[in-house]
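Here are the chains, one letter per residue:
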Amino acid sequence: MPTRRAFLETAVAGLALAGTGPGRHAAAAPATRPERRIAPRPSVVRPPRLERGAVVGLINPCSVPLRPDDIDEARARLQALGLRLKEAPAIREERESAELRAADVNAMFADDSVKALLPMRGGWGCARLLAHLDYRLIAQHPKILIGYSDFAALLLGINARTGLVTFHGPMGNSAWVPFTVRNVQRILFTGEAATLCGGADQGADPPEETRFRTISAGTARGRLIGGNLTVLASMVGSPYLAGIDDVILFLEEVREPISEIDRMLTTLEMAGILGRVRGFVFGQCTSCPSPEIDGSLTLDRVLDDHVRPLRIPAWRGAPIGHVERQLTVPIGLPVEMDASRGTIRLLEPAVT
(Lines give C-alpha, C1' and ligand atoms only; values in the text may rest on other atoms or scores of the structure.)
Protein backbone atom coordinates (compact mmCIF):
# COMPACT_ATOMS: atom_id res chain seq x y z
CA MET A 1 0.00 0.00 0.00
CA PRO A 2 1.43 3.43 -0.84
CA THR A 3 2.80 5.37 2.09
CA ARG A 4 1.60 8.85 3.01
CA ARG A 5 5.02 10.20 1.93
CA ALA A 6 4.67 8.55 -1.51
CA PHE A 7 1.17 9.96 -1.86
CA LEU A 8 2.35 13.49 -1.06
CA GLU A 9 5.32 13.21 -3.43
CA THR A 10 2.94 12.15 -6.23
CA ALA A 11 0.55 15.00 -5.45
CA VAL A 12 3.36 17.57 -5.45
CA ALA A 13 4.62 16.25 -8.81
CA GLY A 14 1.12 16.55 -10.23
CA LEU A 15 0.84 20.15 -9.05
CA ALA A 16 4.20 20.96 -10.62
CA LEU A 17 3.00 19.62 -13.96
CA ALA A 18 -0.25 21.53 -13.61
CA GLY A 19 1.75 24.73 -13.21
CA THR A 20 2.93 24.45 -16.78
CA GLY A 21 -0.65 24.34 -18.08
CA PRO A 22 -3.41 26.90 -17.44
CA GLY A 23 -2.37 29.79 -15.29
CA ARG A 24 0.77 31.86 -15.23
CA HIS A 25 2.47 29.97 -18.10
CA ALA A 26 -0.66 29.23 -20.16
CA ALA A 27 0.60 31.18 -23.18
CA ALA A 28 3.52 28.77 -23.68
CA ALA A 29 1.46 25.56 -23.80
CA PRO A 30 -0.47 26.00 -27.08
CA ALA A 31 2.79 26.67 -28.96
CA THR A 32 3.81 23.00 -28.64
CA ARG A 33 0.79 20.83 -27.93
CA PRO A 34 -1.26 21.40 -31.13
CA GLU A 35 1.86 21.19 -33.33
CA ARG A 36 2.24 17.48 -32.58
CA ARG A 37 -1.25 16.84 -33.93
CA ILE A 38 -0.93 18.92 -37.11
CA ALA A 39 0.21 17.24 -40.31
CA PRO A 40 3.74 18.05 -41.55
CA ARG A 41 3.88 20.51 -44.40
CA PRO A 42 4.32 18.82 -47.81
CA SER A 43 6.01 20.46 -50.79
CA VAL A 44 3.96 22.86 -52.90
CA VAL A 45 2.39 21.11 -55.92
CA ARG A 46 0.76 23.34 -58.57
CA PRO A 47 -1.85 21.83 -60.90
CA PRO A 48 -1.81 22.33 -64.69
CA ARG A 49 -3.70 25.40 -65.93
CA LEU A 50 -7.05 25.33 -67.70
CA GLU A 51 -7.41 25.76 -71.45
CA ARG A 52 -10.50 26.30 -73.59
CA GLY A 53 -12.24 23.01 -74.24
CA ALA A 54 -10.98 21.45 -70.99
CA VAL A 55 -13.27 19.06 -69.12
CA VAL A 56 -14.40 19.99 -65.61
CA GLY A 57 -15.68 17.22 -63.33
CA LEU A 58 -18.82 18.21 -61.43
CA ILE A 59 -19.10 16.68 -57.95
CA ASN A 60 -21.52 17.00 -55.02
CA PRO A 61 -19.47 16.23 -51.91
CA CYS A 62 -21.81 17.80 -49.36
CA SER A 63 -24.86 16.19 -47.78
CA VAL A 64 -27.36 18.43 -49.61
CA PRO A 65 -29.15 16.78 -52.60
CA LEU A 66 -29.22 18.50 -55.97
CA ARG A 67 -32.18 20.35 -57.40
CA PRO A 68 -33.54 19.22 -60.80
CA ASP A 69 -31.98 22.12 -62.74
CA ASP A 70 -28.64 22.36 -60.92
CA ILE A 71 -26.51 20.40 -63.38
CA ASP A 72 -27.93 22.11 -66.49
CA GLU A 73 -27.28 25.52 -64.94
CA ALA A 74 -23.70 24.59 -64.06
CA ARG A 75 -23.12 23.27 -67.58
CA ALA A 76 -24.29 26.57 -69.08
CA ARG A 77 -21.95 28.57 -66.83
CA LEU A 78 -18.96 26.42 -67.76
CA GLN A 79 -19.77 26.51 -71.46
CA ALA A 80 -19.69 30.30 -71.28
CA LEU A 81 -16.04 29.93 -70.20
CA GLY A 82 -15.28 27.54 -73.06
CA LEU A 83 -15.24 24.52 -70.75
CA ARG A 84 -17.03 21.18 -70.90
CA LEU A 85 -18.77 19.49 -68.00
CA LYS A 86 -18.52 15.86 -66.97
CA GLU A 87 -20.74 14.53 -64.19
CA ALA A 88 -19.27 12.43 -61.41
CA PRO A 89 -20.51 8.82 -61.64
CA ALA A 90 -22.97 8.96 -58.74
CA ILE A 91 -23.80 12.67 -58.66
CA ARG A 92 -27.49 12.16 -59.49
CA GLU A 93 -28.02 9.47 -56.85
CA GLU A 94 -29.74 10.42 -53.63
CA ARG A 95 -27.38 9.11 -50.98
CA GLU A 96 -26.00 10.07 -47.61
CA SER A 97 -22.93 7.83 -47.69
CA ALA A 98 -19.65 9.70 -47.28
CA GLU A 99 -17.89 6.73 -48.89
CA LEU A 100 -19.89 7.11 -52.11
CA ARG A 101 -19.36 10.86 -52.27
CA ALA A 102 -15.63 10.38 -51.70
CA ALA A 103 -15.58 7.71 -54.41
CA ASP A 104 -16.88 10.34 -56.86
CA VAL A 105 -14.00 12.65 -55.92
CA ASN A 106 -11.47 9.84 -56.31
CA ALA A 107 -12.98 8.89 -59.69
CA MET A 108 -12.65 12.44 -61.02
CA PHE A 109 -8.98 12.62 -59.98
CA ALA A 110 -8.35 9.22 -61.61
CA ASP A 111 -10.03 10.27 -64.88
CA ASP A 112 -7.29 11.65 -67.16
CA SER A 113 -9.85 13.51 -69.29
CA VAL A 114 -10.85 15.68 -66.32
CA LYS A 115 -8.67 18.75 -65.72
CA ALA A 116 -10.52 20.36 -62.78
CA LEU A 117 -13.05 19.45 -60.10
CA LEU A 118 -15.95 21.76 -59.23
CA PRO A 119 -18.52 21.14 -56.47
CA MET A 120 -22.12 21.92 -57.30
CA ARG A 121 -22.71 23.67 -53.98
CA GLY A 122 -21.79 23.89 -50.30
CA GLY A 123 -23.85 22.88 -47.29
CA TRP A 124 -22.49 20.44 -44.73
CA GLY A 125 -20.83 17.04 -44.52
CA CYS A 126 -17.75 17.59 -46.72
CA ALA A 127 -15.34 16.88 -43.87
CA ARG A 128 -16.78 13.38 -43.60
CA LEU A 129 -15.13 12.56 -46.95
CA LEU A 130 -11.59 13.27 -45.78
CA ALA A 131 -11.05 9.83 -44.23
CA HIS A 132 -12.14 8.13 -47.48
CA LEU A 133 -10.09 10.02 -50.09
CA ASP A 134 -7.18 8.36 -51.91
CA TYR A 135 -4.43 10.92 -51.27
CA ARG A 136 -1.79 8.94 -53.13
CA LEU A 137 -4.03 8.93 -56.22
CA ILE A 138 -4.69 12.66 -55.84
CA ALA A 139 -0.96 13.42 -55.51
CA GLN A 140 -0.25 11.43 -58.66
CA HIS A 141 -2.93 13.29 -60.65
CA PRO A 142 -2.75 16.95 -59.55
CA LYS A 143 -5.75 18.92 -60.80
CA ILE A 144 -7.51 22.17 -60.10
CA LEU A 145 -9.91 21.87 -57.16
CA ILE A 146 -12.06 24.95 -56.59
CA GLY A 147 -14.98 25.89 -54.32
CA TYR A 148 -15.74 27.46 -50.96
CA SER A 149 -18.05 27.31 -47.92
CA ASP A 150 -18.24 23.76 -46.48
CA PHE A 151 -16.09 22.60 -49.40
CA ALA A 152 -13.19 24.34 -47.64
CA ALA A 153 -12.76 21.09 -45.72
CA LEU A 154 -11.61 19.37 -48.93
CA LEU A 155 -9.53 22.36 -50.02
CA LEU A 156 -7.64 22.35 -46.72
CA GLY A 157 -7.50 18.59 -46.23
CA ILE A 158 -6.19 17.77 -49.71
CA ASN A 159 -3.64 20.59 -49.51
CA ALA A 160 -2.47 19.34 -46.11
CA ARG A 161 -2.09 15.72 -47.22
CA THR A 162 -0.66 16.22 -50.72
CA GLY A 163 0.71 19.77 -51.01
CA LEU A 164 -1.62 20.39 -53.96
CA VAL A 165 -2.51 24.07 -54.33
CA THR A 166 -6.31 24.28 -54.13
CA PHE A 167 -8.55 27.24 -54.86
CA HIS A 168 -11.08 29.10 -52.74
CA GLY A 169 -13.48 30.40 -55.38
CA PRO A 170 -16.85 29.95 -57.09
CA MET A 171 -18.89 26.73 -57.26
CA GLY A 172 -21.40 25.36 -59.73
CA ASN A 173 -24.28 27.30 -58.21
CA SER A 174 -22.36 30.58 -57.83
CA ALA A 175 -23.44 33.71 -59.70
CA TRP A 176 -20.32 33.84 -61.94
CA VAL A 177 -20.61 37.61 -62.39
CA PRO A 178 -17.94 39.35 -64.55
CA PHE A 179 -15.69 40.15 -61.56
CA THR A 180 -15.70 36.49 -60.51
CA VAL A 181 -15.09 35.24 -64.06
CA ARG A 182 -12.17 37.63 -64.61
CA ASN A 183 -10.46 36.39 -61.47
CA VAL A 184 -10.95 32.75 -62.45
CA GLN A 185 -9.43 33.45 -65.86
CA ARG A 186 -6.44 35.34 -64.44
CA ILE A 187 -5.54 32.67 -61.89
CA LEU A 188 -6.57 29.38 -63.55
CA PHE A 189 -6.30 30.05 -67.30
CA THR A 190 -3.61 32.71 -67.78
CA GLY A 191 -1.62 31.71 -64.73
CA GLU A 192 -0.83 35.24 -63.61
CA ALA A 193 1.19 35.87 -60.50
CA ALA A 194 -1.56 38.37 -59.84
CA THR A 195 -2.20 40.93 -57.13
CA LEU A 196 -5.59 40.27 -55.60
CA CYS A 197 -7.06 43.57 -54.51
CA GLY A 198 -9.60 44.10 -51.76
CA GLY A 199 -10.05 47.79 -51.07
CA ALA A 200 -9.56 48.90 -54.66
CA ASP A 201 -12.07 46.42 -56.06
CA GLN A 202 -15.05 47.10 -53.83
CA GLY A 203 -16.76 49.63 -56.08
CA ALA A 204 -18.63 52.72 -54.99
CA ASP A 205 -20.05 53.00 -51.48
CA PRO A 206 -20.02 49.38 -50.25
CA PRO A 207 -21.99 48.57 -47.08
CA GLU A 208 -20.20 49.46 -43.85
CA GLU A 209 -19.76 45.83 -42.77
CA THR A 210 -18.10 44.85 -46.07
CA ARG A 211 -15.72 47.79 -46.48
CA PHE A 212 -11.95 47.48 -46.59
CA ARG A 213 -10.33 48.36 -43.27
CA THR A 214 -6.77 48.05 -42.07
CA ILE A 215 -6.64 46.37 -38.67
CA SER A 216 -2.85 46.58 -38.32
CA ALA A 217 -0.63 48.10 -41.01
CA GLY A 218 2.34 46.37 -42.60
CA THR A 219 3.35 43.67 -45.08
CA ALA A 220 4.01 39.97 -44.59
CA ARG A 221 4.93 36.91 -46.62
CA GLY A 222 3.85 33.32 -46.15
CA ARG A 223 1.77 30.46 -47.53
CA LEU A 224 -1.88 31.36 -47.94
CA ILE A 225 -4.18 29.14 -45.87
CA GLY A 226 -7.82 29.55 -44.90
CA GLY A 227 -11.48 29.38 -45.78
CA ASN A 228 -14.71 29.25 -43.84
CA LEU A 229 -14.09 29.93 -40.15
CA THR A 230 -16.56 27.32 -38.88
CA VAL A 231 -15.02 24.65 -41.10
CA LEU A 232 -11.44 25.51 -40.22
CA ALA A 233 -12.13 25.70 -36.48
CA SER A 234 -13.80 22.28 -36.62
CA MET A 235 -10.62 20.79 -38.16
CA VAL A 236 -8.26 21.97 -35.42
CA GLY A 237 -6.25 19.06 -34.07
CA SER A 238 -6.89 16.85 -37.10
CA PRO A 239 -4.31 15.64 -39.65
CA TYR A 240 -6.13 17.67 -42.30
CA LEU A 241 -4.60 21.03 -41.42
CA ALA A 242 -1.06 21.56 -42.66
CA GLY A 243 1.58 23.11 -40.39
CA ILE A 244 0.43 26.64 -39.69
CA ASP A 245 3.75 28.38 -39.02
CA ASP A 246 4.71 31.08 -41.54
CA VAL A 247 1.26 31.39 -43.11
CA ILE A 248 -1.09 34.18 -44.13
CA LEU A 249 -4.48 33.18 -42.72
CA PHE A 250 -7.69 34.23 -44.48
CA LEU A 251 -11.19 33.61 -43.15
CA GLU A 252 -14.84 34.15 -44.11
CA GLU A 253 -18.20 33.30 -42.56
CA VAL A 254 -21.93 33.28 -43.24
CA ARG A 255 -25.06 33.42 -41.05
CA GLU A 256 -23.19 33.04 -37.77
CA PRO A 257 -23.82 35.51 -34.92
CA ILE A 258 -20.84 37.73 -34.16
CA SER A 259 -20.65 36.02 -30.76
CA GLU A 260 -19.87 32.76 -32.59
CA ILE A 261 -17.13 34.49 -34.60
CA ASP A 262 -15.64 35.51 -31.25
CA ARG A 263 -15.97 31.94 -29.95
CA MET A 264 -14.29 30.36 -32.99
CA LEU A 265 -11.44 32.87 -33.07
CA THR A 266 -10.90 32.02 -29.41
CA THR A 267 -10.66 28.36 -30.46
CA LEU A 268 -7.90 29.27 -32.93
CA GLU A 269 -6.15 31.24 -30.20
CA MET A 270 -6.28 28.40 -27.67
CA ALA A 271 -5.03 25.94 -30.31
CA GLY A 272 -1.96 28.12 -30.83
CA ILE A 273 -2.88 28.95 -34.43
CA LEU A 274 -3.53 32.70 -34.35
CA GLY A 275 -0.34 33.30 -32.41
CA ARG A 276 1.84 31.74 -35.12
CA VAL A 277 0.48 33.28 -38.33
CA ARG A 278 2.42 36.04 -40.10
CA GLY A 279 -0.57 37.92 -41.51
CA PHE A 280 -4.36 37.90 -41.33
CA VAL A 281 -7.12 38.69 -43.83
CA PHE A 282 -10.84 38.52 -43.09
CA GLY A 283 -13.14 38.45 -46.10
CA GLN A 284 -16.90 38.77 -45.72
CA CYS A 285 -19.14 37.85 -42.81
CA THR A 286 -22.39 37.60 -44.77
CA SER A 287 -25.63 37.90 -42.78
CA CYS A 288 -23.76 37.70 -39.47
CA PRO A 289 -25.97 39.39 -36.85
CA SER A 290 -25.04 40.79 -33.47
CA PRO A 291 -26.20 38.50 -30.67
CA GLU A 292 -29.55 39.33 -29.08
CA ILE A 293 -27.93 39.64 -25.68
CA ASP A 294 -25.50 42.36 -26.88
CA GLY A 295 -26.55 44.31 -29.95
CA SER A 296 -23.41 46.45 -29.78
CA LEU A 297 -21.08 43.55 -30.56
CA THR A 298 -19.64 44.10 -34.06
CA LEU A 299 -17.24 42.19 -36.29
CA ASP A 300 -14.74 45.04 -36.13
CA ARG A 301 -14.75 44.93 -32.34
CA VAL A 302 -14.17 41.16 -32.31
CA LEU A 303 -11.37 41.35 -34.88
CA ASP A 304 -9.69 44.18 -32.99
CA ASP A 305 -9.85 42.16 -29.76
CA HIS A 306 -8.34 39.02 -31.28
CA VAL A 307 -6.06 40.22 -34.06
CA ARG A 308 -4.70 43.65 -33.16
CA PRO A 309 -2.77 42.33 -30.11
CA LEU A 310 -0.89 39.91 -32.39
CA ARG A 311 0.96 42.89 -33.94
CA ILE A 312 0.90 41.34 -37.39
CA PRO A 313 -0.30 42.91 -40.67
CA ALA A 314 -4.08 42.44 -40.83
CA TRP A 315 -7.02 43.76 -42.84
CA ARG A 316 -10.64 42.94 -43.50
CA GLY A 317 -13.16 43.41 -46.31
CA ALA A 318 -11.70 41.15 -49.04
CA PRO A 319 -14.23 39.85 -51.61
CA ILE A 320 -13.85 36.34 -50.22
CA GLY A 321 -16.83 34.34 -49.02
CA HIS A 322 -20.57 34.09 -49.57
CA VAL A 323 -20.81 37.02 -51.99
CA GLU A 324 -21.38 37.30 -55.74
CA ARG A 325 -18.10 39.13 -56.51
CA GLN A 326 -15.50 36.53 -55.53
CA LEU A 327 -11.74 36.34 -55.74
CA THR A 328 -10.08 33.06 -56.68
CA VAL A 329 -7.64 32.51 -53.82
CA PRO A 330 -4.93 29.80 -54.04
CA ILE A 331 -4.53 27.79 -50.83
CA GLY A 332 -0.96 26.70 -50.09
CA LEU A 333 0.77 29.19 -52.42
CA PRO A 334 3.42 31.69 -51.22
CA VAL A 335 2.03 35.25 -51.19
CA GLU A 336 2.76 38.72 -49.90
CA MET A 337 -0.01 40.73 -48.24
CA ASP A 338 -0.15 44.48 -47.69
CA ALA A 339 -2.57 45.45 -44.95
CA SER A 340 -2.36 49.16 -45.74
CA ARG A 341 -3.46 48.68 -49.35
CA GLY A 342 -5.67 45.65 -48.84
CA THR A 343 -3.87 43.35 -51.28
CA ILE A 344 -2.66 39.77 -51.58
CA ARG A 345 0.11 39.36 -54.16
CA LEU A 346 0.92 35.89 -55.50
CA LEU A 347 4.68 35.33 -55.47
CA GLU A 348 4.41 32.77 -58.28
CA PRO A 349 1.72 31.47 -60.62
CA ALA A 350 -0.74 29.13 -58.94
CA VAL A 351 -0.83 26.78 -61.98
CA THR A 352 1.81 25.34 -64.29
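**Q** Describe in detail the overall build of the protein, supporting the description with residues and values.
**A** Tallying secondary structure elements over the protein gives nine helices and 14 strands in all. Relative to its 352 residues, the protein shows a buried fraction of 53%. When contacts within the protein are restricted to residue pairs at least 6 apart in sequence, those whose partners lie at least 24 apart make up 80%. For the protein, the computed accessible surface area is about 15600 Å², with 53% contributed by carbon and sulfur atoms.

**Q** I'd love a proper account of the nonpolar core, names of residues and values included.
**A** In globular proteins that are soluble, nonpolar side chains generally tend to be buried together. In terms of nonpolar packing, the biggest core is built from 107 residues, with Leu133, Phe167, Leu188, Leu251, Ile261, Leu268 and Phe280 touching the most fellow members. With sequence-adjacent residues up to four places away left out, Leu268 is seen in contact with Leu229, Leu232, Ala233, Val236, Leu249, Leu251, Ile273 and Leu274.

**Q** Any details on empty space enclosed by the protein? Residues and values, ideally.
**A** The rolling of a water-molecule-sized probe over the atoms marks out the regions of remaining empty space. Applying the stated criterion to the full structure yields three cavities of 30 Å³ or more. Its volume calculated, the largest cavity comes out at about 100 Å³. Lining the largest cavity are 14 residues, with Leu50, Leu83, Ile146, Trp176 and Leu188 positioned closest to its centre. Listed by contribution, the elements that provide at least two residues to the lining of the largest cavity are strand 3 (114–119), strand 4 (144–147) and helix 6 (178–189). Of the residues assigned to the lining of the largest cavity, the class counts are 14 nonpolar, no polar and no charged.

**Q** Go over the side chain of Arg276, please, and point to the residues and values.
**A** In this fold, Arg276 is placed in the loop between helix 8 (258–270) and strand 10 (279–286). Polar contacts involving the side chain of Arg276 include one to the side chain of Asp245, which spans 3.0 Å.

**Q** Run through the packing of aromatic side chains, naming residues and quoting values.
**A** All told, the structure shown has two aromatic pairs when counted by the stated rule. Note that Arg325 overlies the ring of Phe179, its terminal NZ or CZ placed 4.2 Å from the centroid.

**Q** Explain the sheet that holds strand 1 (residues 55–59) to me, using residue names and the numbers behind them.
**A** Spatially, 2-1-3-4-5-12 is the arrangement adopted by the six strands of the open sheet, whose pairing is mixed. Pairing within the sheet leaves two strands with one partner each, and these edge strands are strand 2 (84–87) and strand 12 (329–331). Pairwise comparison of adjacent strand axes, ignoring direction, gives a mean angle of 30 degrees for this sheet. Strand direction decides the pairing type here: strand 1 and strand 2, joined by four bridges, are parallel. Paired with Gly57 across the two strands is Lys86, which belongs to strand 2. The strands touched by helix 2 (residues 70–80) within the sheet are strand 1, strand 2 and strand 3, with strand 2 carrying the most contacts at an inclination of about 150 degrees.

**Q** I'd love a proper account of the pairing of strand 13 (residues 334–338), names of residues and values included.
**A** Of the strand pairs in this sheet, strand 8 (residues 219–228) and strand 13 are connected by five bridges, and their pairing is antiparallel. Looking across to strand 13, one finds that Thr219 is bridged to Asp338. Bridge count for strand 13 against strand 14 (residues 343–346) is four bridges, and the pairing is antiparallel. Looking across to strand 14, one finds that Val335 is bridged to Leu346. Counting the residues in the hairpin turn of strand 13 and strand 14 gives four residues, including Gly342, whose phi is positive at 75 degrees.

**Q** Outline helix 5 (residues 152–162), supporting the account with residue identities and numerical values.
**A** Taken across its 11 residues, helix 5 has 10 buried, putting it largely inside the fold. Looking at helix 5, one finds that the buried residues are Ala152, Ala153, Leu154, Leu155, Leu156, Gly157, Ile158, Asn159, Ala160 and Thr162. One or two residues past the end of helix 5 sits Gly163, with phi positive at roughly 85 degrees.

**Q** Let's hear about the environment of Gly332: which residues, and what values?
**A** Of note, Gly332 is situated in the loop between strand 12 and strand 13. Take Gly332: its relative accessible area is 2%, and that puts it in the buried class. When the C-alpha positions of Gly332 and Leu155 are compared, they lie 9.6 Å apart, and in sequence the two are 177 residues distant. With residues near it in sequence (within four places) discarded, Gly332 still touches Val44, Asn159, Val165, Arg223, Leu224 and Ile225.

**Q** I'd like a description of the layout of surface pockets, backed by residues and values.
**A** Considering only enclosed or pocket space, the largest pocket measures out at about 480 Å³ in volume. Around the largest pocket, the lining is made up of 24 residues, and of these Gly123, Ser149, Val254, Arg255 and His322 lie nearest the centre. Counting only elements with at least two residues in the lining of the largest pocket, the list comes to helix 7 (229–234) and strand 9 (247–254).

**Q** Lay out the state of the cysteines with the relevant residues and their values.
**A** Scanning the entire structure with this criterion turns up one disulfide. Cys62 carries a free sulfur, and the closest cysteine sulfur to it, the one in Cys126, is 5.5 Å from it. Judged by its relative accessible area of 2%, Cys62 falls in the buried class.

Here is what the cut-offs are and how they apply
By convention here, each chain's residues receive numbers from 1 onward along its written sequence. Given that this is a predicted model, residues contribute local features only at a pLDDT of at least 70 and side-chain atom pairs are listed and counted only at 80 or more, while totals for whole chains, interfaces and linings are drawn from all residues. Heavy atoms throughout the structure, all of them, feed into the side-chain values; hydrogens and water do not. Secondary structure is summarised from DSSP: a helix means a run of H or I of at least four residues, a strand means a run of E of at least two, and numbering begins at the N terminus for each. Relative accessibility decides the category of a residue: with a 1.4 Å probe and only protein chains considered, values under 20% of the type maximum give buried, values over 50% give exposed, and everything between is partly exposed. The contact rule is simple, with two residues in contact once any of their heavy atoms fall within 4.5 Å. Only the protein chains shown count as cover for residues, with accessible areas throughout obtained via the Shrake-Rupley method and a probe of 1.4 Å. In this text, buried Ala, Val, Leu, Ile, Met, Phe, Trp, Tyr and Cys residues form a nonpolar core when linked through side-chain atoms within 4.5 Å. A cavity, in this analysis, means grid points on a 1 Å lattice covering only the protein atoms where a 1.4 Å probe fits yet has no way out; a pocket is instead an open set bounded by protein on both sides within 12 Å along at least five of seven lines, and a residue lines either one if it has an atom within 4 Å of a point. Grid points are joined across faces, edges and corners, and a volume is the space filled by probe spheres set on the points. Put simply, Ala, Val, Leu, Ile, Met, Phe, Trp, Tyr, Cys and Pro go in the nonpolar bin, Asp, Glu, Lys and Arg in the charged bin, and everything else, Gly too, in the polar bin. We define a polar contact as two N or O atoms separated by no more than 3.5 Å, with the added condition that, inside protein, one atom must be a possible hydrogen donor and the other a possible acceptor, whereas residues neighbouring each other in sequence contribute only through side-chain atom pairs. Two rings from Phe, Tyr or Trp (for Trp, the six-membered ring) form a pair when their centres sit within 6.5 Å of each other. Planes less than 30 degrees apart are called stacked, planes more than 60 degrees apart edge-to-face, and all others tilted. In this scheme, Lys NZ or Arg CZ marks a charge over a ring once it lies within 6 Å of the ring centre and within 35 degrees of the ring normal. Two strands qualify as a pair provided DSSP detects at least 2 bridges between them. Between N-to-C directions, angles cover 0 to 180 degrees, with each direction set by a line fitted to C-alpha atoms, over the stretch in contact for helices. Cysteine sulfurs are considered disulfide-paired once they come within 2.5 Å of each other.

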